[in-house]
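Residues per chain are reported as follows:
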There are 6 protein chains.
Amino acid sequence: MRKGKGTFDLSEMYIVRRNYEDKAEKYVRTHGNLNFAPGGSFADVIETLDQYGVVPDEVYTGLLDGAERHDHGEMDKVLSGYMKGIIGNNSVSTVWKRGFNGILDAYLGAKPDSFTYNGKTYTPQSFKEFLELDQNDYISITSFSHQPFYTYFPLEVPDNWRWANSFNLPLDEMMAAIDHALMNGYTVAWASDVSEGGFSRQGIAIVPDENAVENAGTDQAKWLGLSERERRSSIAGKVGSEVLKEKTITQEMRQLAYDNYQTTDDHGMHIYGIAKDQNGNKFYLVKNSWGETGPYNGVWYASEAFVRYKTTSIVMHKDALPKATAKKL
Amino acid sequence: MRKGKGTFDLSEMYIVRRNYEDKAEKYVRTHGNLNFAPGGSFADVIETLDQYGVVPDEVYTGLLDGAERHDHGEMDKVLSGYMKGIIGNNSVSTVWKRGFNGILDAYLGAKPDSFTYNGKTYTPQSFKEFLELDQNDYISITSFSHQPFYTYFPLEVPDNWRWANSFNLPLDEMMAAIDHALMNGYTVAWASDVSEGGFSRQGIAIVPDENAVENAGTDQAKWLGLSERERRSSIAGKVGSEVLKEKTITQEMRQLAYDNYQTTDDHGMHIYGIAKDQNGNKFYLVKNSWGETGPYNGVWYASEAFVRYKTTSIVMHKDALPKATAKKL
Amino acid sequence: MRKGKGTFDLSEMYIVRRNYEDKAEKYVRTHGNLNFAPGGSFADVIETLDQYGVVPDEVYTGLLDGAERHDHGEMDKVLSGYMKGIIGNNSVSTVWKRGFNGILDAYLGAKPDSFTYNGKTYTPQSFKEFLELDQNDYISITSFSHQPFYTYFPLEVPDNWRWANSFNLPLDEMMAAIDHALMNGYTVAWASDVSEGGFSRQGIAIVPDENAVENAGTDQAKWLGLSERERRSSIAGKVGSEVLKEKTITQEMRQLAYDNYQTTDDHGMHIYGIAKDQNGNKFYLVKNSWGETGPYNGVWYASEAFVRYKTTSIVMHKDALPKATAKKL
Amino acid sequence: MRKGKGTFDLSEMYIVRRNYEDKAEKYVRTHGNLNFAPGGSFADVIETLDQYGVVPDEVYTGLLDGAERHDHGEMDKVLSGYMKGIIGNNSVSTVWKRGFNGILDAYLGAKPDSFTYNGKTYTPQSFKEFLELDQNDYISITSFSHQPFYTYFPLEVPDNWRWANSFNLPLDEMMAAIDHALMNGYTVAWASDVSEGGFSRQGIAIVPDENAVENAGTDQAKWLGLSERERRSSIAGKVGSEVLKEKTITQEMRQLAYDNYQTTDDHGMHIYGIAKDQNGNKFYLVKNSWGETGPYNGVWYASEAFVRYKTTSIVMHKDALPKATAKKL
Amino acid sequence: MRKGKGTFDLSEMYIVRRNYEDKAEKYVRTHGNLNFAPGGSFADVIETLDQYGVVPDEVYTGLLDGAERHDHGEMDKVLSGYMKGIIGNNSVSTVWKRGFNGILDAYLGAKPDSFTYNGKTYTPQSFKEFLELDQNDYISITSFSHQPFYTYFPLEVPDNWRWANSFNLPLDEMMAAIDHALMNGYTVAWASDVSEGGFSRQGIAIVPDENAVENAGTDQAKWLGLSERERRSSIAGKVGSEVLKEKTITQEMRQLAYDNYQTTDDHGMHIYGIAKDQNGNKFYLVKNSWGETGPYNGVWYASEAFVRYKTTSIVMHKDALPKATAKKL
Amino acid sequence: MRKGKGTFDLSEMYIVRRNYEDKAEKYVRTHGNLNFAPGGSFADVIETLDQYGVVPDEVYTGLLDGAERHDHGEMDKVLSGYMKGIIGNNSVSTVWKRGFNGILDAYLGAKPDSFTYNGKTYTPQSFKEFLELDQNDYISITSFSHQPFYTYFPLEVPDNWRWANSFNLPLDEMMAAIDHALMNGYTVAWASDVSEGGFSRQGIAIVPDENAVENAGTDQAKWLGLSERERRSSIAGKVGSEVLKEKTITQEMRQLAYDNYQTTDDHGMHIYGIAKDQNGNKFYLVKNSWGETGPYNGVWYASEAFVRYKTTSIVMHKDALPKATAKKL
């Protein structure tokens, strides 16, 4: 859009398909020491642009027989069974990829070599060039203290099967980069943990503080007698209906949650703006892919604390970085 | 040949391929309660003639990339992994056969819809008709006493995944049928147990009698002191080099060997003639598919005792049956 | 009853017991490629009549120690463990059936060789003859398009471990056979899918149409906005309490439900009559073995659509067939 | 024999059978935390005398159908499968032992309640009394330093499923007890490790010293250049054909071999005498149950070092103990 | 307390830690045929007193990093994984216990060799001596009829990995021993089954009689029409709120519940007194370790019937035994 | 040595130990999607220099109790069992690394924090600095065509659990780099496939050509009649004793062998020189870590063809690169 080409609904399934192929090949080469499962990271999108190009969604929906939604349960099981059959041998044939693609063709349809769009014929490569997408324009950023800051490292999570690098920034600097991007008209791709209790189906994502007496409401006396677990449970029911005091998130808290499996890398969304509530608390506006659900029609309000605590990585345009940060790349 | 159409090398792989498809479908319908493994029975050939036709070997070799021999290890593992992925769900998609065929296409090549042979164009069906092959002309015969004689029943062995019927004859009558066919210019397809000790790689298949003193040679005194196991082991080394006295095989012995897993249904061959050795013992001439190996260049001499003992089933042209037997069908 | 011999409560457990023995033997012969689990088909009753006879229920209840109901959980586990021990060897002993029967005797009691009933002594065979039961009088009928009509084939479902044949009729002709039988005083044994949503515990079995606006009741506007899944869920709650419009079932719909595991062969019942509701819709009266439960005291009303959709097979007396159909056997 | 009643061949299989029953019951009670496998200890013989009695071998051979030797492979697998079926439930029936005995009856024959022997009728109990066998007359002795000496403890080995106690003596005192028994006309039941390298099939059991230059023979120079492993391997080939210098076995060496799984409790034999070789080395005469094999027709010569090193436990008559030791019981 | 030394909160975790070490060693020696899992019996406390001594709770809490409660889930999994690694080899190293203790140190903290308590320095041994605890003063008692009464035997339950003996008394005599102890100022350690339906979280443990019409309340007519299962379910909801008639427990009922897994040995508590309800029914006062929960602040009222039915074993001071019983030890 | 500091035997076990810790942490972070097994790559040495330093071999031998060689079988099993216990939970404790190090301490000894060497005290870091080792001086090089040349990528093999990058050169350029390094006094660390048939235990590593008639010796006629497999087998026996004609290795052949699992990354060695045989064929001198075995006392002669074919990666000092190649980094 920024480039004045109009809006495009690009085919997510084309990217998924291409990444299945790459993942299968790497799974074979590592003799199975890889997470061959559905799911991946933003790197699956960015790092395959140059090699595979993109196609409009209408050209490759991945839907067969008039189906309206993707249901990949059987496909994932047969692909997994197929791949285990490949690595369970002392040698590997030269035809296995053909069979693998045969399965993908059956479940997702054949890949388009070329297609016509708005009256012009494209290949996926030429369509990417037409859109002026360049994978080198984007950068993945994270913030974890078990690796040195201001270096690139592959984030150690199961979905990063691509072993793609992220640039490691201190927490405050990562948050500043998000704000800078939003202030300058860029959106930020946001990988975060939505299985967290504070990520409510009611369009709110916060980190309520179970130790704050303010969160007790009128039951302060009783509150103090509750165990931490009971207070946590009590708060959970209030998310989305009451204003709750949040924790102040530090680099250490964020690291601990990653170290002890409390934070998992499980969903990708888009941050596209900033808002403040009646008390002046800062929230990020998040577009989720779950459709127009929830009280805000598919938009989530993620508090600053939540984004600090639960962001596994972000991807943004390099031009959107603050200058000082950009220099450190 | 009998029909004066010349000799034809028909594609075994075309039949194998078709049977993989059938077996997969039945495996799904029985929710996995079927032997989904390589291997099958003569029924796989006979009972698919009408539905799938036949093609010449050169039209469908099942060999890719200039390979000279079939090595289906990887294919069997990926097919098995794929199928387990199908039946491990509460519902089955409408596209799974397409993916299954995608795998078969990758490993065996695509099935021919039509082909040119000796300057004429055929479909597998029309080629079958040209050859005047008719699946109703053939009959499968067996001889086991746990089912009533003179009835059809599906032989209960793992490879009979097709649940195909055989006609059950008393042992002597089955042997008479073989002889009658051979005497009248028909060959007999023979399913037998070649993992048996007496089936020697030296082109001889017999049932030596470990209790016969005659088999001791000049060591008769020592022979009597040996345990039955030792005598059996001693004889095994003499098969193919000495003339050994064989056991007299009864219906009961044959049944017991089937009941206790000593007889397994593991290989299909062709009986095409009868011969006698210097002592007048009767042998059947067997053409094996193992190539021109052994002292008789791919021919085995199977003793009458062996054929009585170790035949799991035979398939022959109905016209080749003795009249009396044919009437009982 | 038809034969004027009075009513008899025959021992189901005697048949179950005999079938356990047969299933175990076949499981061994197929080296485990068989569904060795509780459950079976009507063939287990019909096809064993000649060989094993029948006994009155009071003669073989299969209940020990004054128990009132069958609880075969432990028995099924030990039988399964025992059988796996048998097939996991290269050879099979001659005594394993004795041990298998030892287990069955322990859990079900010993089989009666002879017994006294109403003052006369019978064997199971002579009792069967006294009842003038003849297994050749009965026929199993099914209706699926993946096999040619008007031929016999073994229905490919896990419970058909016996590989018993059914005669394949077009759907309308199968339905006509049911009606003809009922109209002529015969009942029909009915194998159907009772885990289906429309088979309500409230004595009703229908196939509600989630696409019919009529089923929305007064909420038609809202109905159209619901997804198919939501409409299905909404209807499910109305079965048994509202009159719902049903789907019109074709041969293709019936086949698809079988192909994709939606239809499973899980229960045997008896159809004994026909009824119409206030709107003239046709229902079959079904006697279930679940006791006098539900609003109709153990009777189910199965709609014509349900019977068309969810019948896996029926067994009836051959005399009960329409003449035209009987000729095609 | 000591009691002047003549010699008796008692039924080992009767004891095995009774112990299978006990082991199964204990396996159930411990919810499977027990070694349910063939094999046991002398306690299985001694501690069941009072409860089950004994029978002559001819009365209960455990052999069916004219078999000449025991082959319990299938039986052990089906028993194991059966038992796993029992403990895999939340409750246990009251009939499982009946089924278990049904299996044992099938594979070993039914237990005798009473029998006629030399013209008199006995029960197993009365036959035990006739033989004047009393389980309290016997004691099991062991020698391990991880438990206090002069106390009873259950030897912690897999085969001691009975948790039977042994009396723990210092090594020298255990050896003195063996000698004292033999000198006074008693034999000693000996549980030892026959999978040890020094236990030769040639009738010799020793503990050769791989560090002794004397064992090098004429190759002393080369010997020193070999690794310990090579020397050990070189010696192994000489056992039974050369006189080899043995290690001096201490309590610590013996304990270490038990701690690190080098010593396993795998066979029971009988020591019945003492002999010396030409160099005055002391050997124990051992009667093995392997039949009349080896150069000494079923007799093994076990060196003093071997018995010190590899005895897991011994059982002897209490009257055979040295007085000083007997007092400490 | 009885010894006038004041009250002491002894470290449960010190005993748990020591028992983990013992259990691991025995698990290795039995090659894994032992219940290596959390849980044990009173013997774990009593039988380790002499060898390991005791320490005050404050000296070894087993809590790290300021934690307030024990959460051993991860520890139990890593210990189990570690131990399986040990026994899965043909030999065992000399260092494995060091690694095992390294894990325990990590999760529970290091064991104290000595410590200062109330200004004096103790070792665990000297502290035990200071407390005048002597393991020989205590006895474990049980009551099951599958073993002879008035003998010691190791109770066959999974948690008795120590194979510790209990003295077997007839039920009435065991109950008399409990009463005698309580009347004389001793408490009784009580191992019982708290997963039983009648053991209510409401501080009551009884054995309601589902066959007693008295338990129907005002619904007697309906009660008779219910199945036994329904009556049982109906009663379950009344435990703790209504006075219910209990069953009369016999030795046979108690044995049956143990035989069929209805009784499991799953929790240890303390009986410290006797009370009667308004109807004169006798209850035992039980102190549970679940904290001050329930209506009676951590105290349970266990009916005489419950204690008769569901006691797996008790441990008491030998001085607390009735004279007549003490003589039989 | 090049730096004039004398020769040092650095502790391999110190590096192994440190890498176990890193691998365990990454295994946890990837939730087990990593090859947690013994083995690794040169990156494990190079990339940990800065973080962990180095120590002399005598300071950390990893050998306990006077052992002479490493036997890590039990350690690897317990580590693996321990780690599976960690990742099998929803959360991870903060103490698991302490337990992991407790195991490593038990099996390898504690890590030295500081040590005295030649009279001076060092930490691992200061010792590394004293040796002037710098991890940035070294580069890993590989040559595979499935990734673009002249870029860095993590070689996709199971042992590259560190996801370390190698620089991808065309085959000829990689070979030139090896030669350039050797010619300039540098050695080259060489990761190669020693499970290959041509890697003989006789100190020779070649790629014999089974299609070359020259390799037939005097049996040329017979040679032509052999199958390819037979010729390969025939040649295998001649490696090390005859001069054999080798294949000419191309980039494609090398890639295929990697793709089909013929080449595996299984051993690290050192190339330290170049030699020519009597026919002018070029061989690389290789120092193996298998001790002074083979006819050349621990030296292998690897032919140019073998190094071209079977090199998975090399590590060398950046100064040793040809200028033209160095510029492309």
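The rules behind each value
Residues numbered from 1 in each chain as written. Chains lettered and ligands numbered in written order. Predicted model: local features only at pLDDT ≥ 70, side-chain atom pairs only at ≥ 80, totals over all residues. Heavy atoms only, no water. Axes fitted to C-alpha atoms, helices over the stretch in contact; angles between N-to-C directions. Helix = DSSP H or I, 4+ residues; strand = E, 2+ residues; numbered from the N terminus. Parallel < 35°, antiparallel > 145°, perpendicular 65-115°, else oblique. Left-handed = near helix turned anticlockwise from the far one by under 90°. Contact = heavy atoms within 4.5 Å. Nonpolar A, V, L, I, M, F, W, Y, C, P; charged D, E, K, R; others polar. pLDDT = per-residue confidence, 0-100. Pairing = 2+ DSSP bridges. Buried < 20%, exposed > 50% of the residue type's maximum accessible area, 1.4 Å probe, protein only.

> Run through the packing of helix α4 (residues 73–87) of chain E against helix α4 (residues 73–87) of chain F, naming residues and quoting values.
Packing of α4 of chain E against α4 of chain F leaves a shortest axis separation of 7 Å and a crossing angle of 155°. Between α4 of chain E and α4 of chain F, the interaxial angle falls into the category roughly antiparallel. The two elements α4 of chain E and α4 of chain F meet at a crossing, and its hand is right-handed. Contact with α4 of chain E, carried on its side by Glu-74, Lys-77, Val-78, Gly-81, Tyr-82, Gly-85 and Ile-86 of chain E, involves Glu-74, Lys-77, Val-78, Gly-81, Tyr-82, Gly-85 and Ile-86 of chain F of α4 of chain F and no other residues of that element. The class makeup of the residues in the contact of α4 of chain E with α4 of chain F is six nonpolar, four polar and four charged.

> An account of the confidence of the model for chain A is needed here, citing residue identities and associated values.
With 96% of its residues at a pLDDT of 70 or more, chain A shows a mean pLDDT of 90. Per-element mean pLDDT across chain A ranges from 75 in helix α8 (residues 220–225) of chain A up to 97 in helix α7 (residues 171–183) of chain A.

> I'd like a description of the sheet that holds strand β7 (residues 204–205) of chain A, backed by residues and values.
All names here are of chain A. Read from one edge of the open sheet, nine strands run β4-β5-β3-β11-β6-β8-β9-β10-β7, paired in mixed fashion. For this open sheet the edge positions go to β4 (152–154) and β7, each flanked by a neighbour on one side alone. Pairing of strand β8 (residues 267–276) with strand β9 (residues 282–287), which is carried by six bridges, proceeds in the antiparallel orientation. From the neighbouring strand, His-270 faces β9, where its bridge partner is Lys-287.

> Report on the arrangement of the chains, specifying residues and quantitative values.
Structurally, chain B and chain E remain out of contact, their C-alpha atoms never closer than 29 Å. Chain C makes no contact with chain F; the smallest distance between any of their C-alpha atoms is 29 Å.

> Describe the pairing of strand β9 (residues 282–287) of chain B, and please don't skip the residues or the numbers.
Residue and element names in this part refer to chain B. The buried count for β9 comes to five of six residues, which makes it a mostly enclosed element. Pairing between β9 and strand β10 (residues 299–303): five bridges, direction antiparallel. Its bridge partner lying in β10, Tyr-284 is registered against Ala-302.

> Describe the sheet that holds strand β6 (residues 188–192) of chain B, and please don't skip the residues or the numbers.
Residues and elements named next belong to chain B. Spatially, β4-β5-β3-β11-β6-β8-β9-β10-β7 is the arrangement adopted by the nine strands of the open sheet, whose pairing is mixed. In the strand order of this sheet, the two ends are held by β4 (152–154) and β7 (204–205), each with one partner. Relative to strand β11 (residues 311–317), strand β3 (residues 138–142) is paired through four bridges, and the arrangement is antiparallel. Within the sheet, the bridge partner assigned to Ile-141 lies in β11 and is Ile-314.

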